[in-house]
Amino acid sequence: MAENADRMDKIVSLCKRRGFIFQDSEIYGGINGFWDFGPLGVELKNNIKKLWWREIVQKRENIAGIDSSIVHNPKTWEASGHITSFTDPLVDCKACKQRFRADHLAEEQGIAMTELCSTGKCPACGKKELTEPKSFNLMFKTFIGPVEDAASVAYLRPETCQGIFINFDTVRQSARLKLPFGIAQIGKAFRNEVNPRNFIFRSREFEQMELEWFCHPPEFAPDKKPQDWHEYWKTERMAWHLRLGLKENNLRFRDHRADELSHYAEAAVDIEYNFPFGGFKELEGIANRTNYDLRQHSEHSGKDLRYFDEEKKERYFPYVIEPSLGVDRMALAILCDAYDEDEQEGESRVVLRLHPDIAPVRVAIMPLTKDERIVALARSIQTSLLDSGKNVYYDQSGSIGRRYRRQDEIGTPQCITIDFDSLEDNAVTVRDRDTLQQNRISVSEIESFLH
Ligand code: GAP
C-alpha cells in the first residue's frame, strides 16, 4: 500500500516537473478538482483522442462524429432525468460543518446510509453529529444573458452524450445512417463532484469520448439483440485498451449491481484499471441505455425521434449501447501503467514505457556536437520526420547520457544520434528506450525503421 502511495507521488511529481499535468490556478493556491495539461500532457491527450477517433469514427462506415455545444437548452436535462436524478447523497457534520458523500462514508463505516445520523462518525472531527443524507445535484449551473433569474438558468453538460441524443435525427438523416449505427463525440464535461480526488481520476472538469451505438430493440432485431451488441462493444473496447499497451493483469470487467445502475441503464459493465491508489476502479463504462433517452427527448420536445424501419414498415425507438471513456482517466491509467524505474550502468533511471502512438514525443534528434555540418544533417532529419507527421524533439544540450535520461523519463521510444561518422556514411544511431539497443541506420531508412 505504502509502495503504491509512493509510486503515485512519484507519478504526480513527474507530471508536474516534466510538464504533463499540474494544478490549475496554482499561483492563486489552486482550485480543487481542476487540472491543466502542459506541453507534454496535451500531446499525450491529443494522441489518445486521435487514436480513439480513428478507431471508432474513421475506421467504421456506420459511425459518424459530431461536436455539439457544451450548453444545451435546459429542457434537455429535464428530459434526460439529470435535474432530478443526477445527484449524490450528502451528509453534513453539525459540529465541524464539513460535508461528505453519504454512500462513501456508510461503506467505510460498514453501516447503512440511514444509520449515519444515529451511529455514524464524522471522519474529520470524530463527533457523532451527522445529519440525514440529502441529495446534491452535480450539475454546474450558469445563467444565459444579463438577467440572473430562474428563466435564464442553464447547465454545463455533465456528459457529452445528450448532445448526440438531441441531434439524433439531424445526424441520422444527413449521414444517411441505417440501424445499427453509431454517433460519437469527444468533448468537455463538468461535474460538481463533492470529493474530487486521486489526481485527475475524479475532477470537476474533464473530457469524455462517448459512442452511442443505436441498434434494433429486442423485438425488431434481425440478428444481434441489444445484449449481443453490449457483448460486442465490451470485447472491442477491452481489445483497444490492450492494443494501447495497458497490461492485461491491470484490467478487468465488473458488472454493475442492480442497486448501482444509473437511472437510464438496464445493464452496465465497467472496464476497471488497477490504479496505484485503491486498486481496481472504473476506467470506462459500457451501458445498455435501452431506448430511454430517445423516448424521453421525444416526449419532452414533442418531436418524434422514432426510427422508421423500411423493411418492417414500423416506427420504433432504437436501443442504445454506450461505451464511455474519460480522456483524463485514460491518460492517468496510461501514465500509471507506463511508469517504471530501473538501473542502467549503475545509475537508476525513470522510464515511461509508453506505446509509440501515445508517447508525446515520437522521436528525439540529438546531434552529438554543435558542429555546423552535424547540426545541418540533424535539422534536415528533423524536418523530414516532422513532414511525415511525427512529433519530434530536438535536443543538443548536455551529455548524450543525460539527454537519453530526459527522453526516457517522458517516454520517447527512440532517440537518433548524429555524429561525425554520419557525415561520411549518411547513417545515424537509433537508440531504443526499452531494449537500449543501438542500431546504425541509413538516413533514408529512418522512417521505415521507426514505423
Ligand atoms: N454518458 C455516460 C456517463 O457519463 P459515467 O460512468 O458517469 O457515464 C463515463 O462516465 C466515464 O467518464 C467514466 O468511465 C470515466 O472515465 C469518466 N468520468 C466520469 N466522471 C469523471 C470525473 N469526475 N473525472 C474524470 N473522469 C470522469
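Preceding this paragraph is the structure being described.
Below you will find a few notes about this structure. (Residues numbered from 1 in each chain as written. Predicted model: local features only at pLDDT ≥ 70, side-chain atom pairs only at ≥ 80, totals over all residues. Heavy atoms only, no water.)

Examining the sheet that holds strand β20 (residues 392-394)
Each strand in a sheet pairs with its neighbour through backbone hydrogen bonds, running either in the same direction (parallel) or in the opposite one (antiparallel). Reading across from one edge, β20-β19-β21-β22-β23 is the order of the five strands in this open sheet, with mixed pairing throughout. Edge strands, defined here as strands with exactly one partner in the open sheet, are β20 and β23 (438-442). On average, each strand axis in the sheet is inclined to that of its neighbour by 25°, with strand direction left out of account. As paired elements, strand β22 (residues 427-432) and β23 share five bridges and run antiparallel to each other. Pairing of Val 428 across the sheet is with Ile 441, part of β23. The strands that helix α13 (residues 400-410) touches are β19 (363-367), β20, β21 (414-418), β22 and β23; relative to β19, the one it contacts most, it runs at about 170°. (Pairing = 2+ DSSP bridges. Helix = DSSP H or I, 4+ residues; strand = E, 2+ residues; numbered from the N terminus. Axes fitted to C-alpha atoms, helices over the stretch in contact; angles between N-to-C directions. Contact = heavy atoms within 4.5 Å.)

Focus: the nonpolar core
Membership of the largest hydrophobic core comes to 56 residues, with the highest contact counts inside it found for Phe 20, Ile 48, Trp 233, Met 330 and Leu 332. Sort the elements by how many residues they give to this core and helix α11 (residues 327-338) lands first, with nine residues. Among residues more than four places away in sequence, those in contact with Leu 332 are Met 8, Asn 198, Phe 199, Ile 200, Phe 201, Phe 275 and Phe 277. Ranked by size, the runner-up nonpolar core spans 19 residues in total, among them Ala 64, Leu 177, Leu 179 and Phe 317. (Core = buried A, V, L, I, M, F, W, Y, C linked by side-chain atoms within 4.5 Å. Buried < 20%, exposed > 50% of the residue type's maximum accessible area, 1.4 Å probe, protein only.)

Focus on the site of the ligand
In the vicinity of the ligand, 21 residues are found, and the nearest of them are Glu 159, Arg 191, Glu 210, Glu 282 and Leu 283. Side-chain polar atom of Glu 159 to a nitrogen atom of the ligand: 2.7 Å apart, as the coordinates give it. One nitrogen or oxygen atom from the side chain of Glu 193 is found 2.9 Å from a nitrogen atom belonging to the ligand. Considered on its own, the ligand offers 550 Å² of accessible surface; in the complex 91% of this is hidden by protein. Elements with a minimum of two residues in the shell around the ligand: β10 (205-215), β13 (279-290) and β16 (319-326). Ranked by residue count, the leading element in the shell around the ligand is β13, at five residues. Of the residues belonging to the shell around the ligand, the class tally is six nonpolar, five polar and ten charged. (Near = heavy atom within 4 Å. Polar contact = N/O pair within 3.5 Å; in protein donor to acceptor, adjacent residues only side chain to side chain. Areas by Shrake-Rupley, 256 points an atom, 1.4 Å probe, with all protein chains shown as cover. Nonpolar A, V, L, I, M, F, W, Y, C, P; charged D, E, K, R; others polar.)

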